[in-house]
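Coordinate inspection notes
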Amino acid sequence: MKTIQAYRFALDLNPGQERDVLAHAGAARVAHNWALAKVKAVMDQRTAERSYGVPDELLTPSLSWSLAGLRKAWNAAKPEVAPWWGEVSKEAFNTGLDALARGLKNWSDSRKGARAGCPVGFPRFKSRRRTTPSVRFTTGAIRVEPDRMHVVLPRLGRLKLHESARKLARRLDNGTARIMSATVRCNGGRWHVSFTVEVERAERTPDRPQSVVGVDVGIKYLAVLSTGELVPNPRHLVAAQQRMRALGRTLSRKTGPDRRTGRRPSKRWERAAARLGRAHARVAHLRRDGLHKLTTRLARKHGTVVVEDLNVTGMLRNRRLARHIADAGFSEIRRQLAYKTSWNGGRLLVADRWYPSSKTCSGCGAVKAKLALHEREFTCEVCGLVIDRDRNASLNLAALAAEFDTAGSGPVAARGADRKTRVRGQVAVKREPGTATAGQTGTVLPQGRTIDRVLTKAH
Ligand SMILES: [Zn+2]
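Residue numbers here run from 1 along each chain, matching the order of that chain's written sequence. Residues qualify for local features only when their pLDDT is at least 70, as the model is predicted, and side-chain atom pairs are given and counted only at 80 or more; totals for whole chains, interfaces and linings, by contrast, use all residues. The side-chain figures draw on all heavy atoms in the structure; neither hydrogens nor water molecules are used.

**Looking at the pairing of strand β11 (residues 302-308)**
Note on exposure labels: buried denotes an accessible area under 20% of the residue type's maximum, exposed denotes more than 50%, and partly exposed covers the range between, all computed with a 1.4 Å probe on protein chains only. To qualify as a helix, a DSSP run of H or I must reach at least 4 residues; to qualify as a strand, a run of E must reach at least 2; elements of each kind are numbered from the N terminus. Most of β11 is tucked away: 7 of the 7 residues are buried. In short, DSSP must find at least two bridges between two strands for them to pair. In this structure, strand β8 (residues 208-217) lies alongside β11, joined through 4 bridges in parallel fashion. Paired with Arg208 across the bridge in β11 is His302. Across 5 bridges, the pairing between β11 and strand β12 (residues 347-351) is parallel. By the bridge assignment for β12, Val307 is matched with Val350.

Okay, here's the thing in C-alpha cells:
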C-alpha cells in the first residue's frame with residue numbers, strides 16, 4: 001500500500017544556519033507579497049477599465065493564478081524587485097508563490113461553491129513579524145546522512161538533527177520510501193524539518209481482527225474504552241497547562257504592542273511572549289504524543305474501532321465545553337484513527353452525530369430523554385443498571401458495530417449508499433444508511449425526527 005506520510009524531526013541549527021533559513025523564509029514572503037500585490041493590481045485595473053466601458057478583449061490581460069503562471073511573472077520581475085535573488089535558492093520563492101496559488105484557488109473554489117467547509121477569504125499579505133518562518137524544498141539534494149543525525153538540504157547544506165532520523169533512514173535504505181519534499185519551519189521557538197515521503201507500507205492485519213472496541217473520548221480521561229479501560233490524559237499535561245496560564249497572566253502585565261498608538265513591545269514582553277509560546281508548544285506536544293500512542297495502540301490491536309461523530313464546531317461554540325474539547329483533540333483522534341486503521345487493515349466506524357451514545361442504556365437499550373453533563377453516573381430507570389457515564393457510552397458504540405454489519409450486508413443498505421463526505425479534507429468517508437426503513441433509505445435524514453441509528457463507515 002502506497003501512502004504519503006510526513007516524518008518530522010527537530011533540528012539543532014547554529015546561528016549561521018538559522019540566519020540562512022530565515023533569509024529563505026523571508027524570500028518566500030517577498031515573492032508571495034509581490035505576487036499578491038500584482039494580482040490585486042491587475043484585478044483592480046480590470047474592474048476600473050470595465051467601469052469605463054472598455055470591451056473585454058481590450059482589458060489589461062489577466063494574470064494567471066497557477067503556480068507556473070505566478071512563477072513566470074516573478075522570474076521576469078525578480079531582477080528588479082529582488083536584486084539579491086541569487087543569494088537564496090529558487091525553492092524559497094517557489095514556497096511563497098505556491099502558497100499564494102493555493103490560497104487563490106481555495107478562495108475562488110470557495111466562492112464558486114466548489115469547496116467544502118467554511119468560506120475562504122482572499123489571500124492576505126504576509127507580515128514579517130507574524131508569519132511562521134517556513135521554506136519548502138522539492139528538488140535538489142535532499143537526503144539523510146548515513147549517521148542519521150544530519151540531513152542535507154539544497155543551499156542550506158548539512159543540518160544537525162536534534163533526534164535520530166533512523167525510522168526514515170531505514171525505509172530509505174531498504175527502498176520502501178521516497179522523499180518528495182522537505183520543509184524547514186519554526187514552531188514554538190524550535191526548528192523542525194518535515195519530510196513528505198511516499199511510503200510503501202506492508203499489508204498488516206490487526207492483532208485481533210474480530211475484536212470491536214468502542215471509544216468514548218472524554219474530558220476527565222483521554223478516552224474510555226468499551227473494554228473497561230480508562231486511558232488517562234498524558235502525564236504532566238495538567239502541570240504544563242497551569243504553567244501556560246501563569247505565563248499568560250505574566251505577559252498581560254508587561255508592556256505589549258499597541259497597534260492604535262504604534263507602541264512597540266518591551267523587551268520583557270517579548271521574552272515573556274516567547275516563553276508563553278514555548279509553553280503552548282509543550283502542551284500541544286504532550287497532547288499529540290498521548291493521542292498518537294492511543295490511536296496507534298487501538299488500530300494495531302482491534303479489527304473494528306467505533307467512535308462518535310461529534311459536532312465539534314457546534315460544541316466549540318459552547319464556551320464552557322470549548323476548552324475541554326479542544327484539549328482532548330476530538331477530531332484529531334478521529335483523523336488519526338481513520339488513517340491508522342486503514343494502515344493496519346482494520347476499519348473505523350463513525351456513529352452518526354445524533355446517535356445518543358450517552359443517553360442509551362447499554363444493558364436494555366432504553367433511551368433517556370435527558371442526561372446533564374455533570375451526571376457522571378448513568379442510572380437506568382428501566383432495568384436499574386448503574387454504570388459510569390463514559391463506559392456506558394463506549395459500550396453502546398461497540399454494540400453499534402454488530403448492528404452495522406447486519407445492516408451493511410442487507411438489501412436495504414445497498415441502495416443509495418453513494419454519498420461521499422469529506423472528513424477534514426483528507427479521508428473520504430462513505431455514508432451508508434443503517435437500519436433506516438425502506439421508505440427513507442436516502443442519505444439525507446429527515447429533520448426534526450428521532451433519527452434511526454445510522455453509521456458512517458470510514459476507510
Ligand atoms: Zn437499562
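Here the narrative resumes, following the displayed structure.
**As for the pattern of salt bridges**
The term salt bridge refers to a side-chain nitrogen of Lys or Arg lying within 4 Å of a carboxyl oxygen of Asp or Glu. This model, assessed by the stated rule, comprises 20 salt bridges. A salt bridge links Glu145 to Arg158; the nearest nitrogen and oxygen atoms lie 2.8 Å apart. On the criterion of sequence distance, the pair formed by Glu145 in the loop between β3 (143-144) and β4 (150-153) and Arg158 in strand β5 (residues 157-161) is long-range, its members being 13 residues apart. Take Glu145: its relative accessible area is 14%, and that puts it in the buried class. Residue classification places Arg158 among the partly exposed residues on the basis of a relative accessible area of 46%. Across the pair Asp258 and Arg260 runs a salt bridge whose closest N-O atoms are separated by 3.5 Å. Given the relative accessible area of 16%, Asp258 is considered buried. Put simply, Arg143, Glu145, Asp147 and Arg158 are held in one network by salt bridges that share partners.

**Focus on the coordination of the zinc ion**
Shown as donors are all N, O and S atoms within 2.8 Å of a metal ion, widened to 3.2 Å for Na, K and Ca; because water is not in the atom set, sites may appear incomplete. For the zinc ion, every protein donor is listed as Cys361 (SG), Cys364 (SG), Cys380 (SG) and Cys383 (SG), and the spread of their distances is 2.2 to 2.3 Å. Geometry assignment treats four donors as tetrahedral when all angles are between 85 and 135 degrees, treats four as square planar and six as octahedral when opposite donors are over 155 degrees apart and all others between 65 and 115, and treats everything else as irregular. Coordination at the zinc ion comes from 4 donor atoms whose angles at the metal span 109 to 110°, giving a geometry best classed as tetrahedral. Read in sequence order, the donor residues for the zinc ion give the motif C-x2-C-x15-C-x2-C. Given the relative accessible area of 2%, Cys361 is considered buried. Taking relative accessible area as the criterion, Cys364 reaches 38% and is therefore assigned partly exposed.

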